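The residues making up each chain are set out below.
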Amino acid sequence: MDSTLILDVPLGVISRIEKMGGATSRGENAYGLEITCKDMRNLRFALKQEGHSRRDMFETLTKLAFPLNNNQKVFAFANEEKFNVDGWTVYDPVEEYRRQGLPNHHWRITFINKNYELCDTYPALLVVPYQASDDDLRRVAAFRSRNRIPVLSWIHPENKTVIVRCSQPLVGMSGKRNKDDEKYLDVIRETNRQVSKLTIYDARPSVNAVANKATGGGYESDDAYHNTELFFLDIHNIHVMRESLKKVKDIVYPNLVLTGAIQVADRVSSGKSSVVVHCSDGWDRTAQLTSLAMLMLDSYYRSIEGFEILVQKEWISFGHKFASRIGHGDKNHADADRSPIFLQFIDCVWQMSKQFPTAFEFNERFLITILDHLYSCRFGTFLYNCESTRIKEDVPEKTVSLWSLINSNKEKFKNPFYTKEINRVLYPVASMRHLELWVNYYIRWNPRIKQQQPNPVEQRYVELLALRDEYLRRLEELQLANSTRLPEPPTSPSSPSQMMPHVQTHF
Amino acid sequence: QLAPRQPSLFACSVSPKDSQEDLFWSPSGEQLLCEASTVLKCVQEDSGQRGIYGKLVCTDFKIAFLGDDEAALNSDETQFKNKVIGENDITLPCVDQIYGVFDEKKKALCGQLKKYPEKLIIHCKDLRVFHFCLRYTKEEEVKRIVSGIIHHTQTPKLLKRLFLFSYATAAQNSTATDPKSHTVMFDTLKDWCWELERTRGHTKYKVVSVNEGYTVCERLPAYFVVPNPLSEEDVPRFQGHGIPIWCWSCHNGCALLKMSALPKEQDDGVLQIQKSFLDGIYRTIHRPPYEIVKTEDLSSNFLSLQEIQTAYSKFKQLFLIVMSVENNLMSFLFLLLSDNSTEFWDTDIKWFSLLESSSWLDIIRRCLKKAIEVTECLEAQHMNILLLGNIFKSQKETASDLCCLLSSLVQVMLDPHYRTRVGFQSLIQKEWIMGGHCFLDRCNHLRQSDKEEVPVFLLFLDCVWQLVHQHPPAFEFTETYLTVLSDSLYIPIFSTFFFNSPHQKYMNMGRESQDAQNQSLNLLTVWDWSVQFAPKAQMLFTNPLYVEKPKLDKGQQKGTHCKHQRQLSLPLTQSKSSPKRGFFREETDHLIKNLLGKRISKLINSSDELQDNFREFYDSWHSKPPDYHGLLLPHIEGPEIRVWAQRYLRWIPEAQILGGGQVATMNKLLEMMEEVQSLQEKIDERYHSQQGLQTEAASMLRSSSARLSSLFPFALLQRHSSKPVLPISGWKALGDEEDLAKQEDEFVDLGDV
């Protein structure tokens, strides 16, 4: 090969660096470095044994790729990129809740958590039942794992049913009860009176929920929680998810998550029942379910900006532990806390966009870009575990937001087929018969898999769009000209009759 | 009570005058065999099953269900309607398996029955599944309809008993539109000459008519093409065996040929004669350095019919989704069941492993790979390719089937003409119909031997679908066209797929013509699509992405032609260095050994050299943007070979994506095309101050109201509400991850409580 091979690997993407072969190794490629990346690349470099080139390389790379282990900060804090849009202003919780029609008679915005005292992993601003006082909230917090109380995520614009998220109740082995928690859920149920029951979706398999009692957790049993219906969604925990990624062909898990989210969305939309979603802590599986259900229910989240807000709200502000799950700048690649939860969510979104190719404003590149910068540490967006830490570390001041990059060049991330439809509920088919392996993401580094040619339907459509705009312009010109005098027959090479062959309709 | 049926669907058909049957529509010559009333057809709806009462009839053409509630049946607004077969019609050759339900147990039905089932389940070859509940039907009628249906669909029959003949006799004085206007039928000398000229093969090959009247060989068509130097007297020497028969010529002058191996002989003297005969023949196509031939022996180390059959029978089971058998049809018209789609979701969990274990996709991959190999030899190595096999099919012979498959696949990849609809139809005429593919046996139309039933033609269509799917702008036709074509295999009014060879057709037509006062039978060809579909529905066969090749002017054409001639007259080009020549001399021997039936090595296919050539050819083609009017190669890596969803999933409501699927983008594209076109007209109007031509641009896609589903245009089993379908069975089989599953995400800190 005479062309130079250029590898573009952000240091943040590196998961582990290993030395291959020792000083006595023989053979051309026996001595060198192996770099495993979080985006599924596996790079091997053969080095010369002379000098200390490998040692230097290894040390420098380790130092730079894992700054956290040397009390350094990740690259995002050094990044001085400038964009003409500020991505940090994309998500304003008050604005987003106002879009949803909140506050209203039944729901209020509370600042009880403004110093993160009620719950350190929740955002500062929360939406809770109007009927529940701040004291009620504090008492409920005591009975919910990590104080993650049930709060509103989304409200249906017409039937006013809501999606509420939280963590598991601390029932424990003895089957403890908490009147305040029970009353609180009943208040949530009462905000919408179309159905007599409140639906609770526990994302876990029921066996796990039962097992969790041993560690102090549990679920809402119907003898304690009257007027509720509890369903288990059988989605496994982060450890199973992590293992599933190792054998990529296994796309059973997106299927389960999608199935769960469809159930939540259907319950809210056609079942007209409010829904409470939780798993154990309410920051992994819960985030997947609520955000996907919201994507199905609310067409706003299918626009570029809407999707950014969705990620910002349901994942970043509600404390999905990005730092732990991804391990930004951290050497400990075998950390049991790491798990591709967010990747799985994006995979589900991609599956949906494949099934509904006109429903999303963004394209595949948008999703891949988000995933690339989930690891890259170039932007501050996915750093740290929760909002309180981000504020403490001054992330919005000291780093650039990923949305600055995307929103300053939106055209690149747009799906030309996008057709805005308000209030259309999208139900993907969660059948394996329809779920596909995301080739362009999972195996894009494999040289055997060719980079996809641009989709010919899309290419053609874009051509037609340009042609239409051109014709519209001409027509306007003609109309202007017509009002004064009759137009001359065209002589320019771009006359419409000569453009005819471009458009071949067979109808 | 029955409302009058719709009037005749055939322009030519005569409604039977018998008063007894005047409520019943039929094509010409169709006869009612038996019927049963108060039959309940079970259909699956959103949340359960529903029953529709009606009459189940069996004629010599089809099994049909006539719903009592006529309005409900006709209210269906599907514009993509088949004029010959309705939603509730099953032509007799389309019936695959029949099952009866006895005391909630499902049994395959065949032969004489002692006991009659309470429910009849019919699996069709187009993958529809019908459920008819007979619980409320009179016992006498049950007996008659069940035994009638079994007799007429499951027992062997004679060729002459096919509906094809009664239809043709009855429809004598019909005025069918001329189907030959476009598709080349290859039943005349002229057609072959035309094809030779089109491919510029006429300089080296000639049409022979020695087989007129099928006197030399019953397996060969009346006219075929052989190398120029071959003398016509050689053809009958071994009844057409050992003769290289031309399929197609490449732009570089190389040809694709096929040959039937000589019968195996023990006697040394005969062997000698065979050898010298073959040597002579061989020299007509192998004259280095100008002409080099490479043989592809399809009878060994490639697919076997058995493999194809096994794979497909496993594969199709994945789509024959059966409603729950253990239901209780208690209520009269509406019954709701919760477990209706259990089977769909049960198989869904195991989907990938089931798919893999069927190995149907792998068979497709192997066919495509072999076709690329052949293509590479023709295109890049400038070699003639001789497909070797017993192209005159004898019992259990695979090679003839695979010759058709491979030669037509290669031609689709190399020749853009075959990617147009008319071209593709001509190709099927040339390679499959005239090439003598045994449609009658392979489709098991006569129910004479299940062993012979192998979906070779369907495999070909599936391979072509892969190409259509991967390179949409390269084909003038759509996947809908392919799907409909695959359905047409089982409609016994078209003669196209109901004979084993042109000779068989000729013989059966001939006799008939004597009986019927020298009037030859008027057999329809499937290429006359107007018989099945209205012009509007036929629009869905045309791919809006396809752009015709801009025609070169004469000067340019000549230029390329001259250059091409010059190339041929050069002695050895660089690419053919001496070691290769050595290789081919060995191969001469190899070929002869093969032809004599002594297959000694797998040398050709396992050769590393060829493997490398293949990879290089394949990779270099895929690294460039495709020329849709030139050579076209498929991707054959794992995820690139897919399930032909439209054909296989179309009857399964659970698989339907409402308002989604590829059709959504296609719809947008068509809308935009119309808009651009109307703008164009407006502009033209202004310039030329005349009325713009009102082109009929109304696309079916647009007129069919709000939202289409991914199963369009085959969404007969529409789900009417927008409720999501949800899996109902658990996903608990997680085996090796059990330990992990038990772990907690994070331990709850009890101290906080």
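Reading guide: rules and limits
- Residues numbered from 1 in each chain as written.
- Chains lettered and ligands numbered in written order.
- Predicted model: local features only at pLDDT ≥ 70, side-chain atom pairs only at ≥ 80, totals over all residues.
- Heavy atoms only, no water.
- Helix = DSSP H or I, 4+ residues; strand = E, 2+ residues; numbered from the N terminus.
- Buried < 20%, exposed > 50% of the residue type's maximum accessible area, 1.4 Å probe, protein only.
- Contact = heavy atoms within 4.5 Å.
- Areas by Shrake-Rupley, 256 points an atom, 1.4 Å probe, with all protein chains shown as cover.
- Lys, Arg positive; Asp, Glu negative; His and termini not counted.
- Charge placed at Lys NZ, Arg CZ, Asp CG, Glu CD.
- Salt bridge = Lys/Arg side-chain N within 4 Å of Asp/Glu carboxyl O.
- Axes fitted to C-alpha atoms, helices over the stretch in contact; angles between N-to-C directions.
- Parallel < 35°, antiparallel > 145°, perpendicular 65-115°, else oblique.
- Nonpolar A, V, L, I, M, F, W, Y, C, P; charged D, E, K, R; others polar.
- UniProt positions renumbered as here; feature names shortened; annotations may be inferred.
- Pairing = 2+ DSSP bridges.
- Phe/Tyr/Trp six-rings, centres within 6.5 Å; stacked < 30°, edge-to-face > 60°.

The next thing to look at is the overall build of chain A. Within chain A, the secondary structure is distributed over 18 helices and 10 strands. Principal axes of the C-alpha set define a box for chain A whose edges measure 85 × 80 × 45 Å. Sorting the 507 residues of chain A into buried and exposed places 57% on the buried side. Contacts in chain A between residues at least 24 apart in sequence constitute 74% of all its contacts with a sequence separation of at least 6. Carbon and sulfur atoms make up 51% of the accessible area of chain A, which totals about 21600 Å². Taking the average place of the 65 positive charges on the side chains of chain A and the average place of its 62 negative ones, the gap between the two points comes to 3 Å.

What follows concerns the pattern of salt bridges. All names here are of chain B. Evaluation of the coordinates by the stated rule reveals 60 salt bridges over all chains. Two residues, Lys-62 and Asp-89, come together in a salt bridge whose shortest N-O distance is 3.6 Å. Separated by 27 residues along the polypeptide, Lys-62 in strand S3 (residues 62-67) and Asp-89 in strand S4 (residues 89-91) bring together distant segments of the chain. Each of the two residues, Lys-62 as well as Asp-89, counts as buried.

In this section: the packing of helix H6 (residues 305-317) of chain B against helix H8 (residues 351-358) of chain B. All names here are of chain B. At a minimum axis separation of 8 Å, H6 and H8 run at an interaxial angle of 160°. When the axes of H6 and H8 are compared, the pair comes out roughly antiparallel. In contact with Ala-311, Lys-314 and Phe-315 of H6, H8 contributes Leu-355, Ser-357 and Ser-358. When grouped by side-chain class, the residues that make up the contact of H6 with H8 number three nonpolar, two polar and one charged.

Moving on: the UniProt feature "active site" (unreviewed entry) in chain A. All names here are of chain A. The UniProt entry lists Cys-279 under the feature "active site" (unreviewed entry), expressed in the numbering used here. Locating Cys-279 in the fold gives a position in the loop between strand S10 (275-278) and helix H8 (285-297). Not counting the four nearest positions on each side in its chain, Cys-279 is found in contact with Cys-166, Ser-167, Gln-168, Asp-202, Ala-203, Arg-204, Asp-284, Arg-285 and Thr-286.

A few words on the sheet that holds S10 of chain A. All names here are of chain A. Pairing is mixed in the open sheet, where five strands are placed in the order S6-S7-S10-S8-S9. Strand pairing shows two members of the sheet lacking a second neighbour, strand S6 (151-155) and strand S9 (228-232), which therefore form its edges. Between one strand axis and the next, the sheet turns through 25° on average, direction left out of account. Here strand S8 (residues 198-202) runs beside S9; their pairing, made up of five bridges, is parallel. When the sheet's bridge partners are listed, Thr-199 is paired in S9 with Glu-229. Seen against the sheet, helix H4 (residues 179-190) touches strand S7 (162-166), S8 and S10 and runs at an angle of roughly 120° to S8.

This part takes up the pairing of S3 of chain B. Residues and elements named next belong to chain B. Taken across its six residues, S3 has six buried, putting it largely inside the fold. Burial along S3 is two-sided: Lys-62, Ala-64 and Leu-66 facing one way and Ile-63, Phe-65 and Gly-67 facing the other are all buried. Sheet topology places S3 next to S4; three bridges connect them, and they run antiparallel. Bridging from a neighbouring strand, Lys-62 pairs with Thr-91 of S4.

Turning our attention to the packing of aromatic side chains. All names here are of chain B. Counting across every chain of the model gives 61 aromatic pairs over all chains. On the numbers, 6.4 Å between centres and 35° between planes, the contact of Tyr-205 with Trp-246 is tilted. Pair noted here: Tyr-205 is in strand S9 (residues 205-208) and Trp-246 is in strand S11 (residues 245-249), with a separation of 41 residues, a long-range link. Overall, Trp-246 belongs to the buried group, its relative accessible area being 2%. Relative to Phe-319, the ring of Phe-315 has its centre 4.9 Å away and its plane inclined at 65°; by these criteria the two rings are edge-to-face.

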